[in-house]
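Understanding the architecture of this molecule
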Amino acid sequence: MAPSPVMDTYARFPVELVRGRGVWVWDSAGKRYLDCVAGIAVCCLGHSDRRLKRALCRQLDTLQHVSNLYRIPEQEQLAERIVSSSCLDRVFFCNSGAEANEAAIKLARKHGHTVRGIAEPLILTANASFHGRTLAAVTATGQPKYHQGFEPMVQGFRHFPYNDIAAFESLLADCEAEGPRVAAVLLEPLQGEGGVVPGDPAFFRRLRQCCDERQILLIFDEVQIGVGRSGRLWGYERLGVEPDAITLAKGLGGGFPIGALAVKSAVDHFRPGEHASTFGGNPMACRAGLTVLAELERRQLLPHVQRMGELLQDQLAHLIARHPSLLEGSRGWGLLQGLVLRPEAPSAAAVVQACLEEGLLLVPAGAQVVRFVPPLTIKPRQLRQAVQLLERALLRLAR
Ligand SMILES: *Cc1c(COP(=O)(O)O)cnc(C)c1O
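The structure displayed is predicted, hence computed values, not measured ones.

Parameters and conventions
Residues numbered from 1 in each chain as written. Predicted model: local features only at pLDDT ≥ 70, side-chain atom pairs only at ≥ 80, totals over all residues. Heavy atoms only, no water. Pairing = 2+ DSSP bridges. Helix = DSSP H or I, 4+ residues; strand = E, 2+ residues; numbered from the N terminus. Axes fitted to C-alpha atoms, helices over the stretch in contact; angles between N-to-C directions. Domains from an automatic or database assignment. Contact = heavy atoms within 4.5 Å. Buried area = accessible area lost by both parts, 1.4 Å probe. Parallel < 35°, antiparallel > 145°, perpendicular 65-115°, else oblique. Left-handed = near helix turned anticlockwise from the far one by under 90°. Near = heavy atom within 4 Å. Polar contact = N/O pair within 3.5 Å; in protein donor to acceptor, adjacent residues only side chain to side chain. Nonpolar A, V, L, I, M, F, W, Y, C, P; charged D, E, K, R; others polar.

**Some words on the sheet that holds strand β10 (residues 217–221)**
Taken in spatial order, the seven strands make up an open sheet running β4-β12-β11-β10-β7-β5-β6, and their pairing is mixed. Either end of the sheet is taken by a strand with one partner, and the two such strands are β4 (90–94) and β6 (157–160). Taking each pair of neighbouring strands and ignoring which way they run, the sheet shows an average axis angle of 20 degrees. Note that β10 and strand β11 (residues 245–248) share three bridges and pair parallel. Each bridged residue has a counterpart across the sheet, and for Phe220 the counterpart in β11 is Ile246.

Listed below in structure tokens is the structure:
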């Protein structure tokens, strides 16, 4: 392929995707792929969904963009829909996951200053987490490889091992030895990019107690697991713990860019002028969000995701049993599942490459995990087909 004027921030496959319908996409050579990436957990209704297309076309015809200087009815409605279906009370809209986390980080710092009286608040996040690529979000991200070359990082972050309550309590004790220092704990209910690692409910229950005792904010990054992907509308429902705030993005717009920070009213700390976004929550993005949430309900996609998650786990268990020397196990919630490769097996990147050649799109989550994040509308037959194509790729690699 010709050299590209687009910067090499991604190691792109030499494949151009030009068309999509449901769970299928086609490249510029006419080859068809079963898409179990869905734009990385974004296209939850599949590609070219008729209802989403119609809603957005109608919105294009009505009003596309106005400033947040004015009330935007679609934004009011989407916020209402989010708060009425969650433990949260108010919403700030932006355009991406990183931007939603930036808002959460600013909110946490203000909470530290105003509620806990901390001059230099700290935010605790987990090793192997992923919170985005803007400077504060990437500092929150507990993966040194993403920091390299971009130092100095933002001040005020400390990391600890995920799901490890002893390590958390010891870090907290260190940080607070001379008085209040910690404003918030920011965690994914299930670590996505970091290898598809579900949160441990017992860890999160104890964490909630620790935070409550000190008025420390517990913020969940639900950018990947939120909006139905876990089989529940919100990821925190899987843990039985209520956060003080959540961040959303990926699936919320079904392919249209949108991000959000939703908070409980007790920690609704932003006053006019303290945070903003030009595009955040514009009529197009909010129409997309409204349509996605309406379709999840109308098509009863939450029970569907639960069933499809079980089917996928079952199919993967059989696959693992057939290839014990290559595959270690699988884990995940709903339609965010990871297949764990053995250290001596080909890398996740190599498996994903071989799958692409077989006509199946998958995405790595770290070096040894192959991730399934298909459209939430995927059918049983298509999931079985995906696992068959994956097996063909594995057999070819193993030869
Ligand atoms: C993808 C992701 C982000 C970053 O979202 P962007 O829209 O790429 O900025 C943040 N947190 C989690 C958990 C994610 O999966």
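**Here's the deal with the domain arrangement of the chain**
Here the domain parsing of the chain yields domain 1 (17–48 + 300–398) and domain 2 (51–298). Between domain 1 and domain 2, the C-alpha centre-to-centre distance is 27 Å. On the side of domain 2, 31 residues touch domain 1, which itself brings 26 residues to the contact. Summing the contributions of domain 1 and of domain 2, the shared interface buries around 2,400 Å²; its carbon and sulfur component is 65%.

**Some points on the pairing of strand β13 (residues 327–333)**
Every regular strand shows the same layout, with side chains that alternate between the two sheet faces. Here β13 runs beside strand β14 (residues 336–341); their pairing, made up of six bridges, is antiparallel. For Ser330, the partnering residue across the bridge sits in β14 and is Leu339.

**A word on the packing of helix α6 (residues 165–175) against helix α7 (residues 201–214)**
One way to put it is that α6 packs onto α7 with a least axis distance of 10 Å and a crossing angle of 20 degrees. With respect to their mutual orientation, α6 and α7 come out roughly parallel. Seen along the crossing, α6 lies across α7 with a hand that is right-handed. Along its contact with α6, which presents Ile165, Phe168, Glu169 and Leu172, the element α7 presents Phe203, Arg206, Leu207, Cys210 and Arg214.

**So, the site of the ligand**
Taken together, Ser96, Gly97, Ala98, Asn101, Phe130, His131, Gly132, Glu188, Asp221, Val223, Gln224 and Lys250 make up the full set of residues near the ligand. Within the backbone of Phe130, an N or O atom sits 3.2 Å from a nitrogen atom of the ligand. A distance of 2.7 Å is found between a nitrogen atom of the ligand and a side-chain nitrogen or oxygen belonging to Asp221. In terms of residues, the shell around the ligand owes the most to one element, helix α4 (residues 97–114), which gives three residues. Across the shell around the ligand, the residue classes tally to three nonpolar, six polar and three charged.

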